[in-house]
Amino acid sequence: MMFLKKNRSDALRKNLTISTAESCTGGYLAHLITSISGSSAYYHGSIVAYDNCIKENILHVKRDILNTYGAVSEQTVSEMLDGAIDTFNTDISIATSGIAGPTGGTQDKPVGTVVIGIANKQEKWIKKFVFTNNREINIQLSSTVALFMLKKFVEKKYQ
């Protein structure tokens, strides 16, 4: 939890606002952020876009992107990031999409494949990972890695 408290003070000191768009993490990332007292000063909210229709209709991910690249792709996460920033009017967004498991994987995208992105209006960092076959661990790892990426993004972009 110290990691989250440090991020909180960085966000507050720099007057940054944050939003999340979650698929495979199912709100766990939002839970971690809001478990810290005072998070309402910088955290605007989350959309849990577990179904593609939510990605498309709420986050404005283009249907063509979903059909061509799939929900678990850098292209989809890129649009989820934009959708969260626009919907919540925040400085930074975090997005996750993946296959938590234990079912749902394919040869191209095995269980544990997760795409995580951090963005502001000028730049995006998007990275693909392959974690484990364990659903709970994949959700926790995805959320932890997303917060670590947020920390690095804030340190680099908002010195």
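Because the structure is a prediction, the values reported are computed rather than measured.

What follows covers the sheet that holds strand E2 (residues 43-48). Taken in spatial order, the 5 strands of this open sheet run E2-E1-E3-E4-E5, and their pairing is mixed. Whereas interior strands pair on both sides, the edge strands pair on one side only; in this sheet they are E2 and strand E5 (124-130). On average, each strand axis in the sheet is inclined to that of its neighbour by 10°, with strand direction left out of account. With 6 bridges connecting them, strand E3 (residues 92-98) and strand E4 (residues 113-119) associate as antiparallel partners. Note on E4: the bridge partner recorded for serine 93 is alanine 119. Across the sheet, helix H6 (residues 135-157) touches strand E1 (18-22), E3, E4 and E5, and the angle it forms with E4 is around 25°.

So, about the pairing of E1. Counting buried positions over the 5 residues of E1 gives 5, a clear majority of the element. A two-sided burial pattern is seen for E1, the buried positions comprising Ile18, Thr20 and Glu22 on one face and Ser19 and Ala21 on the other. Note that E1 and E2 share 5 bridges and pair parallel. Bridging across to E2, isoleucine 18 finds its partner in tyrosine 43.

Conventions we followed
Residues numbered from 1 in each chain as written. Predicted model: local features only at pLDDT ≥ 70, side-chain atom pairs only at ≥ 80, totals over all residues. Heavy atoms only, no water. Pairing = 2+ DSSP bridges. Helix = DSSP H or I, 4+ residues; strand = E, 2+ residues; numbered from the N terminus. Axes fitted to C-alpha atoms, helices over the stretch in contact; angles between N-to-C directions. Contact = heavy atoms within 4.5 Å. Buried < 20%, exposed > 50% of the residue type's maximum accessible area, 1.4 Å probe, protein only.

The values are spatial; any link to function lies outside them.
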